[in-house]
Amino acid sequence: MKKLIPIGIILGIIILAAIFYVTLPILSFNFLQLPILLIAIAAILFIATLATVKSKGDFGFKQKLTGGILGILILYFIVSIVASSSLFTWKTKQAQLDLVEVATFDESVPNVDMANLIILDEEDARRTSEKLITEKDPSLGSLFQIGEGTLSVVQDKPYWIFPLEYRGFFKWLSNSGEIPGYLQVSATDFNDSQFIDYKFGVSPSGYLSDDLKRTIYLKYPNYGLTDYSFEVDDAGKGYWVVTAYTNETWTSTLKVLGTIIVDPVSKDMVFYNVGEQPTWVDRVFSMDTFDKQLSWYGRYINGWWNPSDEGKLVDTQGKGYVFKDDTLYFYTGMTSVGKDSATTGFVIYNPKNGEAKYNRISGSIETKAIGLMEELVQNAGYKANFPYLININGEATYFSTLKGNSGNVVGYAFASVQNYKAVAWGKTLREAQTEYSRVLLREGGNNALTAQSSDLSKSQGTISRIGFLKDGYFIVKLVGDDMLYVVNSEQFPMISLSSEGDLVKISYLKDDAAEKIDALAFENMSIK
């Protein structure tokens with residue numbers, strides 16, 4: 001029996017080592033994995049010491065020591081589970097999202113830059129990436145798969161970044177642990193996409209030393225890891241950016257500590273505290289973290305015990321992006337529990353530092369806006385994507401692409417958050433925006449554009465130059481006027497018959513900073 005005890009201990013150690021290598025338990029008492037691992041080790045030692053007990057008198061110090069350690073660990077495990085429940089931790093959970101209310105919509109969402117408007121969602125970008133792979137090398141698709149996309153800012157513009165990943169163990173083995181590159185697809189321009197040749201080995205889909213999580217774990221075994229994002233710096237060099245976190249209340253309440261940036265070629269890595277990461281890093285706080293914090297904030301806003309749901313808030317079951325000051329923000333609408341068709345406001349969340357701003361704006365939720373957009377194009381059968389929140393001349397607006405049965409973008413739609421009647425669409429972005437501005441002016445009421453109606457200017461003069469711009473648009477210059485006017489031929493057919501020397505009248509929304517501006521009304525007084 002004594003000979004079997006060392007063998008049993010050795011086997012137990014081998015099994016634990018295998019479990020350790022495969023599961024990579026976090027070596028911190030702020031997570032349950034470490035107590036469970038220690039309980040397993042203590043149990044093996046306790047059972048091993050019990051094997052030497054043949055009579056009551058043999059139960060001595062070793063048995064009491066290992067049994068006592070096992071009991072303490074089990075007690076800690078039970079206490080940590082109970083103490084981690086929301087009954088005791090709700091205040092800490094609710095305080096994770098520090099909302100700062102801002103008075104004006106312009107303060108949190110600046111007036112939209114149409115040149116940087118996000119029009120490609122991840123599905124569109126992924127479809128483009130598949131074409132890029134085929135064009136690069138048709139055989140790549142059988143060896144590698146497109147990884148999870150990250151919306152990042154590259155050279156001051158938003159791009160979808162997709163790393164290639166291994167398709168399985170044997171594909172990893174046959175490629176000697178080497179991935180050929182990543183894909184960069186503009187979120188604002190259908191014609192701006194490329195396959196970037198950049199060979200690296202470390203990946204979430206890698207094995208053994210090429211496994212990203214295992215690579216990080218060997219240096220930082222005491223952190224929880226989440227959100228494995230592939231981002232690129234301004235020089236085009238790719239890195240894995242991984243969020244490191246702990247639990248603030250025993251083994252619950254996720255708290256982000258910072259990021260671990262891993263060079264996928266050299267495997268060098270550096271931990272950065274929140275706020276100290278390089279400027280090119282776009283995500284420290286993930287969308288999932290944002291979702292957790294929102295849920296805790298709204299659920300416990302009036303305490304843990306609130307059976308009537310008084311004052312409780314929930315998000316509008318969808319998250320989007322706001323591009324502001326070269327930074328990508330998360331956003332979602334908030335609504336009261338039980339009132340699922342109207343917002344109480346919007347939360348704009350900075351994923352670089354976790355700061356959140358709240359705009360108290362009542363209006364339609366995103367799904368309501370999607371329904372209004374699809375009503376406009378119901379005969380064509382187009383479907384609206386989950387919208388982005390944008391600011392058009394101070395008007396809180398939902399923007400969405402419209403897709404046909406093939407999944408391709410066939411149009412664009414705008415819907416006012418506060419005015420259910422202010423909805424417009426167009427086959428081109430410019431057409432949709434012009435029509436939306438016209439609808440806002442026509443609807444009147446309290447919308448932001450109507451408030452600026454005193455700035456609606458009219459120019460009357462003789463055409464000095466006229467030319468075709470694109471997509472049914474003409475560009476017009478008047479004698480003695482430096483402004484260039486863009487006129488839609490579908491909305492104003494007479495522009496197609498206009499020529500130099502014609503006397504015209506053009507109405508537009510005044511914008512002193514613009515060099516060209518869309519016409520909201522056009523009249524050719526020379527054509528009778």
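About the thresholds
Residues numbered from 1 in each chain as written. Predicted model: local features only at pLDDT ≥ 70, side-chain atom pairs only at ≥ 80, totals over all residues. Heavy atoms only, no water. Buried < 20%, exposed > 50% of the residue type's maximum accessible area, 1.4 Å probe, protein only. Helix = DSSP H or I, 4+ residues; strand = E, 2+ residues; numbered from the N terminus. Patch = residues over 30% accessible without salt bridge, like charges linked within 9 Å, V, L, I, M, F, W, Y side chains within 5 Å. Areas by Shrake-Rupley, 256 points an atom, 1.4 Å probe, with all protein chains shown as cover. Salt bridge = Lys/Arg side-chain N within 4 Å of Asp/Glu carboxyl O. Lys, Arg positive; Asp, Glu negative; His and termini not counted. Charge placed at Lys NZ, Arg CZ, Asp CG, Glu CD. Arc of directions from axis to C-beta. Contact = heavy atoms within 4.5 Å. Expected span 1.5 Å × (residues − 1). Pairing = 2+ DSSP bridges.

Undergrad: Describe unusual backbone geometry, and please don't skip the residues or the numbers.
TA: Positive phi is not limited to glycine here, since Leu 24 has a value of about 50°. The exposure class of Leu 24 is buried, given its relative accessible area of 8%. Positioned with a positive phi, Thr 253 is a non-glycine residue whose angle comes to about 70°. With respect to the helices and strands, Thr 253 occurs in strand β9 (residues 252-262).

Undergrad: For a negative patch on the surface, give the residues involved together with the corresponding values.
TA: Among the surface-exposed residues, Asp 156, Asp 234, Asp 325 and Asp 326 lie close enough to one another that they form a single negatively charged patch. The topology assignment puts Asp 325 in the loop between β12 (320-324) and β13 (327-336).

Undergrad: Could you give an account of the pattern of salt bridges, naming the residues involved and the relevant values?
TA: Overall, the coordinates contain 18 salt bridges when judged by the stated rule. Notably, a salt bridge pairs Asp 210 with Lys 267, separated by 3.8 Å at the nearest N-O pair. Taken together, the residues Asp 210 in the loop between β6 (193-200) and α9 (212-217) and Lys 267 in the loop between β9 and β10 (269-273) connect sequence positions 57 residues apart. Using a relative accessible area of 29% as the deciding quantity, one classes Lys 267 as partly exposed. Connected through shared salt-bridge partners, Asp 121, Glu 123, Asp 124, Arg 127 and Lys 403 make up one network.

Undergrad: Can you tell me about helix α4 (residues 86-94), naming the residues and giving the values?
TA: For an α-helix the count is 3.6 residues per turn, leaving residues at separations of three or four pointing the same way. Here α4 has its buried residues at Thr 89, Lys 93 and Gln 94. Each buried residue of α4 sits inside an arc of 140° when the element is viewed along its axis, so together they form one side. Facing away from the buried side of α4, by more than 90 degrees, are the exposed residues Phe 88 and Lys 91. On its buried side, α4 packs onto α3 (61-83), β8 (238-249), β9 and α10 (287-299).

Undergrad: Would you mind going over α3 in detail, with residue names and values included?
TA: Here α3 contains 23 residues, and its C-alpha end-to-end distance of 32 Å stays within 8% of the 33 Å for a straight helix at 1.5 Å per residue. Three or more residues of α3 are buried, namely Gln 63, Thr 66, Leu 70, Leu 73, Ser 80 and Ala 83. Those residues of α3 that are buried are in contact with α2 (33-50) and α4.

Undergrad: Explain the side chain of Thr 327 to me, and be specific about the residues and the numbers.
TA: Structurally, Thr 327 can be placed in strand β13. Those residues in contact with Thr 327 that lie beyond four places of it in its chain are Val 153, Val 322, Asn 350 and Lys 352.

Undergrad: Quick one: what's the story with the pairing of β10, residue by residue and with numbers?
TA: With 5 bridges joining them, β9 and β10 adopt antiparallel strand pairing. When the sheet's bridge partners are listed, Ile 260 is paired in β10 with Phe 271. In this structure, the hairpin formed by β9 and β10 is closed by a connection of 6 residues, where Lys 267 is found at a positive phi of approximately 70°.

None of this, on its own, says anything about what the molecule does.
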